[in-house]
Amino acid sequence: DILEAGLFSILFASTLLIGLGLIPGLALIRVLDPGADRLRQMMLAPAASLLSLYGLAGWLVVLRGEHSIGYLVLAILLLNGLSATFGWQRESVRVRRLSAWERLEEIEAAAESEAGTIELEEDVAAERKHAALIETGRPNWLPWALGISAIVCLSPLLILERPMGVDWLGFATLSHRLAETGSMMLPEPNVGQWTYPPGFPALAAFLEQATGLSPSDCIHLLGQLTLFAILWGVAGAADRWGASATTLLALCLAPALFAKAFDSGYPTVASQLGLVLGLLVLVKPPRERSKRMDILFAFGVAFVGVIHPTGSL
C-alpha cells in the first residue's frame, strides 16, 4: 500500500502530476487572473495543472476509444509547448501593469465622463475597497492555514492502508484495465464496457504506468491531491477580494467535500476543479471580461465534463 511506499513516493507522484501541467496551468492563470501575484499563482496552480491533465487524459480516451500513455505524453508535451510559446509572446509585448490605485483613477475618470452614474460609482467604491485590501495585505496566518489544509488533505495517504469507502474498488479496476489493455472493456466472464467518464481513471492509469504504484494507491493519491488542489484553488480565486484566508477556513470547516473524498467518491470531487475557473471568470465585472476568457472557460467546462458531469453542471 501507499503507506509502505513512503513519503518519497507520495512527493514524487504529486510533483509529477502537478509539474506536467504546470506550464499550461500558469498560462491559464495569466489569462484568467492577470493581476495574480506569486502567492495567488501558487494557490491556483495545482488546480489549473490537474484540470489540464484530467482533460487531456479523458478526451484522448473519448476521441480514440482507448488509453495510450504514449499519446498522452505527446499531448502533454504539445500543450506545454503551446503554453510556453503563448507565455513568451505575452512577455514580449507586456506593458507595465497598473496598480490598484491607478485602476481606480481610470474608473473615476470614466465615471466623470459618464456623468457619474450610479453603476460606475458603485464600481469605484468596490475598486477602492479592493485596493485597500491589497494595501493592508493578507492575514499573517494564511501560510499556516495553507500548510495545515495541505496536511489534512494528504495525511490519509500516510495514515490509511487503502482508501475508505467502496467506490475506489470500481475506479481502481477501471484504471487498471486502462493501464493494462488501454480499453474499458470488462474482463471475462462479463460482457460489455464501462460507461463512466474516463478523465479520472485515465489519469490514474497514467500514474500507475509512470510510477509503478498499485491501482488503489494511484486512485487514493490522485483523489486526495485533487481535494488539496480544490481547497487551494478556491481560496486563490477568492484572494482577488482579499478573502483567501477566510474562504480557506470556511472550506476546511465544511464537511461536504471531505465526506465525499473520504468515501472515495473522487471523480465527483475532482469535477469541482471547474469551480475555480468559474470564480475566476464568471464573477468578474463585465469590463474585465474578454472573449478569450470565455473561450478558455468553455474549454474548462469541456475538460470537467470528462471527469464527472456534476462539475459541468
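Here is a short report on the structure shown in this document. (Residues numbered from 1 in each chain as written. Predicted model: local features only at pLDDT ≥ 70, side-chain atom pairs only at ≥ 80, totals over all residues. Heavy atoms only, no water.)

So, the environment of Phe-297
Just so we agree on the cut-off: Every helix listed is a DSSP run of H or I at least four residues long, and every strand listed is a run of E at least two residues long, numbered separately from the N terminus.
Residue placement: Phe-297 occurs in helix α16 (residues 291–305). Along the primary structure Phe-297 and Leu-282 are separated by 15 residues, whereas in three dimensions their C-alpha atoms are 8.9 Å apart.

Here's the deal with α16
Keep this limit in mind: Helix span is expected to be 1.5 Å times the residue number reduced by one. The buried label goes to any residue with under 20% of its type's maximum accessible area, the exposed label to any with over 50%, and the partly exposed label to all in between, with areas taken from a 1.4 Å probe on protein chains only. Along the arc lie the directions from the helix axis toward the C-beta atoms. Throughout, a contact is declared for two residues whenever any of their heavy atoms are within 4.5 Å.
Here α16 contains 15 residues, and its C-alpha end-to-end distance of 21 Å stays within 8% of the 21 Å for a straight helix at 1.5 Å per residue. Turning to α16, its buried residues number three or more, namely Met-293, Phe-297, Gly-300 and Val-304. Projected onto a plane normal to the axis of α16, the buried residues spread over an arc of 55° and lie on a single side. Within α16, the exposed residues directed more than 90 degrees away from the buried face are Lys-291 and Phe-299. Taken together, the buried residues of α16 touch α2 (22–32), α3 (38–64), α15 (273–281) and α17 (309–312).

Re the state of the cysteines
Our working rule: Two cysteine sulfurs form what is called a disulfide whenever their separation falls within 2.5 Å.
Counted by the stated rule, this structure contains 0 disulfides. This cysteine, Cys-153, is not joined by any disulfide, and Cys-252 carries the nearest cysteine sulfur, 6.5 Å off. Judged by relative accessible area, which is 0%, Cys-153 ranks as buried.

Concerning the environment of Ile-69
The topology assignment puts Ile-69 in helix α4 (residues 69–92). Residue class for Ile-69 comes out partly exposed when judged on its relative accessible area of 30%. Separated by 113 residues in sequence, Ile-69 and Gly-182 have C-alpha atoms that sit 8.8 Å apart. Ignoring anything within four residues of it in the chain, the contact list for Ile-69 reads Phe-206, Gln-209 and Ala-210.

Looking at the pattern of salt bridges
Going by this rule: For salt bridges, the criterion is a side-chain nitrogen of Lys or Arg within 4 Å of an Asp or Glu carboxyl oxygen.
By the definition in use, this model includes 5 salt bridges. Note that Arg-40 is salt-bridged to Asp-33, the shortest N-O span being 2.9 Å. For Asp-239, the salt bridge goes to Arg-40, with nearest N and O atoms at 2.9 Å. Within this pair, whereas Asp-239 is found in the loop between α11 (215–238) and α12 (244–253), its partner Arg-40 is found in helix α3, the two being separated by 199 residues in sequence. Classification of Asp-239 as buried rests on a relative accessible area of 6%. Members of the salt-bridge network, linked through shared partners, are Asp-33, Asp-37, Arg-40, Arg-138 and Asp-239.

A few points about the nonpolar core
Selection rule: What we call a nonpolar core is a set of buried Ala, Val, Leu, Ile, Met, Phe, Trp, Tyr and Cys residues that are connected through their side-chain atoms within 4.5 Å.
In this structure, Leu-17, Leu-32, Tyr-54, Leu-203, Ile-219, Leu-221 and Leu-273 are the most contacted members of the largest nonpolar core, which totals 77 residues. The biggest single contributor to this core is α11, with 14 residues. Sequence-distant contacts of Leu-203, defined by excluding residues within four places in its chain, comprise Leu-17, Leu-53, Tyr-54, Ala-57 and Leu-222.

Some details on the side chain of Ser-183
For clarity, the cut-off: What qualifies as a polar contact is a pair of N or O atoms within 3.5 Å, subject to a donor-acceptor requirement within protein and to the restriction that residues adjacent in sequence count only when both atoms come from side chains.
Positionally, Ser-183 belongs in the loop between α9 (167–181) and α10 (199–211). Taking the relative accessible area as the measure of exposure, Ser-183 reaches 19% and is therefore buried. Among the polar contacts made by the side chain of Ser-183, one reaches the main-chain amide nitrogen of Met-185 at a distance of 3.0 Å. Once you skip the residues sitting within four places of it in the chain, Ser-183 turns out to touch Arg-177 and Leu-178.

By themselves, these are just geometric observations and shouldn't be taken as functional.
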